[in-house]
Amino acid sequence: MAIEKVRDFFGIRYVVPYNLTSRKPIVVLRAIGEISYENEVESIDLTGGHTEAPYDVEYGQPSPAFTGTVREYPAELFGIMETVTTTENAAESSGSVGSPTNNQGTSMFNASNGVSAVSVNSAQKANLVFGEYIFVATAAQTFDIYVNGLEDAFDDIEGKVVSGVDASSAGTVDVDALGITVVITGTSAFTTGDTMSFEVRPENTGSTEILVGTGTEPSNFGLRCIFPRKTDGVMHYIDVFNVSGRGMPWKGVSREFSEFDINWKPLARSSDGAVYKMVRCLGV
């Protein structure tokens, strides 16, 4: 009988969390830096007297763990790691200006005497900045605009972008530098220091909002690790039957793609106590 060729894994193609009930994939993770299954088992030695080694050894409870590095942030991954509410927004070819909200005081966003609405200036929509616009009253009829977002040039360290917007006359005021039109109704009577704000999205093909800390609670999932087909035709996958993971990390790194570490816990399958299955196919 011929000696079998040495078998090893090469690379990692996909890591696929899936629903335990339906077995439908939840998300196909593609940018995987590393995935590692480790099974630490404590050895319990029988010792006593004066010997050069234990008399016997038995083993304690296995404690398997999944660790690895992932380099992508799909919304679905937040959904299996955190309690979340996810909102998918359709494409916005003209961008979007959200509903204004008074923050400090109530004099700025005012349907009778003040800023009654803000909309996209279609002629200047290219200037919309992704993030939050904050209007800050500087006098009864003037305000400055600050941006908490992806702005390229600020006027000061506090994030001011536009100074001295005139709100003395009822009608519309175009703020071309930020791609918006402000509607003034009645006679503005701002209280200096009062603020209002709203969210802004530039023209886009869709957007996702993930609210962490409220909504659908995460649940356990299955996990299939799929390895690339090797040049000799050999294929592998490993199916881990029941995995628990909580807490979705994230970070930003200067001039580098972000990556984060996972630390998931494999559990025994309730039906038979199995943990995982490795399948090798000797392709032609």
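All values derive from a computational prediction rather than experimental measurement. (Residues numbered from 1 in each chain as written. Predicted model: local features only at pLDDT ≥ 70, side-chain atom pairs only at ≥ 80, totals over all residues. Heavy atoms only, no water.)

### Description of the overall build of the protein
Within the protein, the regular secondary structure consists of one helix and 18 strands. Rg of the C-alpha trace for the protein: 29 Å, well past the compact-globule value of 19 Å for 284 residues, more than 25% over. Seen through its principal axes, the protein has C-alpha atoms that stretch 95 × 55 × 35 Å. A total of 284 residues make up the protein; the buried ones form 34% of that total. Sequence separation of 24 or more characterises 67% of the internal contacts of the protein that already satisfy a separation of 6 or more. (Helix = DSSP H or I, 4+ residues; strand = E, 2+ residues; numbered from the N terminus. Rg over C-alpha atoms; globule rule 2.2 N^0.38 Å. Buried < 20%, exposed > 50% of the residue type's maximum accessible area, 1.4 Å probe, protein only. Contact = heavy atoms within 4.5 Å.)

### Examining the packing of aromatic side chains
Applying the stated criterion to the full structure yields nine aromatic pairs. Note on tyrosine 37 and tyrosine 276: the rings are 4.9 Å apart at their centroids and 65° apart in plane angle, and the pair reads as edge-to-face. Residue tyrosine 37 is located in strand 2 (residues 32-46), and its partner tyrosine 276 is located in strand 18 (residues 276-282); the two are separated by 239 residues in the primary sequence. For tyrosine 276, a relative accessible area of 40% puts it in the partly exposed group. Aromatic side chains phenylalanine 221 and tryptophan 264 sit 5.3 Å apart centroid to centroid with 80° between the ring planes, which places their arrangement in the edge-to-face category. With phenylalanine 221 in strand 15 (residues 221-226) and tryptophan 264 in strand 17 (residues 260-266), the pair connects residues that are 43 residues apart, well separated along the chain. For phenylalanine 221, a relative accessible area of 0% puts it in the buried group. Judged by its relative accessible area of 1%, tryptophan 264 is buried. Grouping aromatic residues by their ring pairs yields a cluster made of Tyr133, Phe135, Phe143, Phe190 and Phe198. Above the ring of phenylalanine 241, the side-chain terminus of arginine 269 is found at 4.0 Å from the ring centroid. (Phe/Tyr/Trp six-rings, centres within 6.5 Å; stacked < 30°, edge-to-face > 60°. Lys NZ or Arg CZ within 6 Å of the ring centre and 35° of its normal.)

### Considerations on the environment of asparagine 148
Structurally, asparagine 148 is set in strand 9 (residues 142-149). Residues asparagine 148 and phenylalanine 130, 18 residues apart in the sequence, show an inter-C-alpha distance of 8.7 Å. In this structure, asparagine 148 is in contact with Gly131, Glu132 and Ile134, ignoring residues within four places of it in sequence.

### A word on the pattern of salt bridges
As enumerated under the stated definition, the model contains 12 salt bridges in all. Between glutamate 4 and arginine 7 there is a salt bridge; the shortest N-O distance is 3.9 Å. Judged by its relative accessible area of 53%, glutamate 4 falls in the exposed class. The class of arginine 7 is partly exposed, set by a relative accessible area of 24%. Each member of the salt-bridge network shares a partner with another, and the members are Glu4, Lys5, Arg7 and Asp232. (Salt bridge = Lys/Arg side-chain N within 4 Å of Asp/Glu carboxyl O.)

### A look at the environment of aspartate 174
Inspection of the secondary structure assignment puts aspartate 174 in strand 11 (residues 171-175). Each residue touching aspartate 174, except ones within four places of it in the same chain, is listed here: Asn121, Ile180 and Thr181. At 2.7 Å, the side chain of aspartate 174 and the side chain of threonine 181 are in polar contact. (Polar contact = N/O pair within 3.5 Å; in protein donor to acceptor, adjacent residues only side chain to side chain.)

### Things to note about the sheet that holds strand 7 (residues 114-120)
Spatial strand order, 7-12-11: three strands in an open sheet with antiparallel pairing. Each edge of the open sheet is held by one strand with a lone partner, namely strand 7 and strand 11. Within this sheet the neighbouring strands show an average axis-to-axis angle of 25°, counted without direction. Across five bridges, strand 11 lies against strand 12 (residues 180-185) in antiparallel orientation. Its bridge partner lying in strand 12, valine 173 is registered against valine 182. (Pairing = 2+ DSSP bridges. Axes fitted to C-alpha atoms, helices over the stretch in contact; angles between N-to-C directions.)

### Some details on a negative patch on the surface
Taken together, Glu34, Glu38, Glu40 and Glu42 make up a surface patch of like negative charges. Mapped onto the elements, glutamate 34 comes out in strand 2. (Patch = residues over 30% accessible without salt bridge, like charges linked within 9 Å, V, L, I, M, F, W, Y side chains within 5 Å. Areas by Shrake-Rupley, 256 points an atom, 1.4 Å probe, with all protein chains shown as cover. Lys, Arg positive; Asp, Glu negative; His and termini not counted. Charge placed at Lys NZ, Arg CZ, Asp CG, Glu CD.)

### Examining the nonpolar core
Within the largest apolar cluster, 26 residues are counted, with the highest numbers of intra-cluster contacts made by Tyr133, Phe135, Phe143, Ile145, Leu178 and Ile180. The next biggest cluster of nonpolar side chains, apart from the first, holds 23 residues, and it includes Val15, Val84, Val240 and Phe260. (Core = buried A, V, L, I, M, F, W, Y, C linked by side-chain atoms within 4.5 Å.)

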